[in-house]
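Secondary and tertiary structure notes
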Amino acid sequence: ADPAAAGAFATLALAGADRLDRARHADPVVEDLKARAWAAAGDAKRRQGDLTGAENALRAAAACLGHGTGDLLVEARLLEFEAAVRQGQGRGGEAAALLKLAAARYRESGEPQLLERVLAARAEVLRDRIS
C-alpha cells in the first residue's frame, strides 16, 4: 500500500539479483527476476506520480525481459505495468491494447484469476475512455 516502501523493496530485490552467483543461477532466470523488480520499482514511481521514473524503469524491465526465459507470466505482468504507465500518461487506447495482450498471456498460461483481474482493468480503462 505504501509506494515508497514498495520502491525500497524493489530496489533491494534488484541489488540482490545483481549479487546472485551466475554459476548457480541461470542468466535468463536472473533477468526475469530483474525484470519483475524493475516493474515493481517503476510501479512504485508511477504511484508516487513520477511518470518519467516509471517510464525509465519500464525500459529497464523490457531490456531484462528480452534476455529472460520467455515466461509468459513475467511478460504479462510487465504488460500490465506498461498499461498502467500509459493510462497515467492519458494514453488509454494504448493501455487497453496492452491489457488485451496481457490477457492473452494469462489465458495461454492457464491463469484464470489473473486473466479475470486484467480483463476487469481493461474494462475500466475502456469505460474511462468513453466517459
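None of the values given here were measured: they were computed from a predicted structure. (Residues numbered from 1 in each chain as written. Predicted model: local features only at pLDDT ≥ 70, side-chain atom pairs only at ≥ 80, totals over all residues. Heavy atoms only, no water.)

1. Structural notes on the nonpolar core
Nonpolar side chains in soluble globular proteins tend to end up buried together. Which entries qualify depends on this criterion: Nonpolar cores are built from buried Ala, Val, Leu, Ile, Met, Phe, Trp, Tyr and Cys residues. Side-chain atoms within 4.5 Å join them into one set. Each residue is placed in one exposure class: buried if its accessible area under a 1.4 Å probe, protein chains only, is under 20% of its type's maximum, exposed if it is over 50%, and partly exposed if it falls in between. The numbering of helices and of strands both runs from the N terminus, where a helix is a DSSP run of H or I of at least 4 residues and a strand a run of E of at least 2. Contact criterion: two residues are considered in contact whenever any of their non-hydrogen atoms come within 4.5 Å of each other.
Judged by nonpolar contacts, the single largest core of 13 residues is most densely connected at Ala83, Leu99, Ala102, Tyr106, Leu115, Val118 and Val125. Among the secondary structure elements, those contributing two or more residues to this core are α4 (72-88), α5 (92-109) and α6 (112-130). Counting residues per element, this core draws most heavily on α5, at 7 residues. With residues near it in sequence (within four places) discarded, Val118 still touches Glu80, Leu99, Ala102, Ala103 and Tyr106. By size, the runner-up hydrophobic cluster in this structure holds 10 residues, among which are Ala35, Ala39, Leu58 and Leu78.

2. Side note on helix α2 (residues 27-47)
As a reminder of what qualifies: Expected span, for any helix, means 1.5 Å times one less than how many residues it has.
Across its 21 residues, α2 extends 30 Å between first and last C-alpha, which sits within 8% of the 30 Å expected from 1.5 Å per residue. Residues of α2 that are buried include every one of Val30, Glu31, Asp32, Lys34, Ala35, Ala37, Ala39, Ala41, Gly42, Asp43 and Ala44, and no others. Each element contacted by the buried residues of α2 is listed here: α1 (3-19), α3 (51-66) and α4. Following α2 by one or two positions, Gly49 has its phi on the positive side, about 90 degrees.

3. Things to note about the environment of Val118
Mapped onto the elements, Val118 comes out in helix α6. Take Val118: its relative accessible area is 0%, and that puts it in the buried class.

4. Considerations on the packing of α4 against α6
Heads up, the condition is: Axis definition: a line fitted to C-alpha atoms, over the contacting stretch in the case of helices. Angles run 0 to 180 degrees between N-to-C directions. Reported orientations rely on four angle classes, namely roughly parallel under 35 degrees, roughly antiparallel over 145, roughly perpendicular from 65 to 115, and oblique for the rest. By definition, any crossing whose near helix is turned counterclockwise from its far helix by less than a right angle is left-handed, and any crossing with a clockwise turn is right-handed. Gly counts as polar in this scheme, as do all residues outside two lists: the nonpolar Ala, Val, Leu, Ile, Met, Phe, Trp, Tyr, Cys and Pro, and the charged Asp, Glu, Lys and Arg.
Closest axis-to-axis distance for the α4/α6 pair is 12 Å, and the angle between their directions is 20 degrees. One element, α4, and the other, α6, form an angle in the roughly parallel class. Once α4 is placed against α6, the crossing between them reads as left-handed. Residues Leu73, Glu80 and Gln87 of α4 lie in contact with α6, whose contacting residues are Leu114, Arg117, Val118, Val125 and Asp128. Of the residues contributing to the contact of α4 with α6, the split by class is 4 nonpolar, 1 polar and 3 charged.

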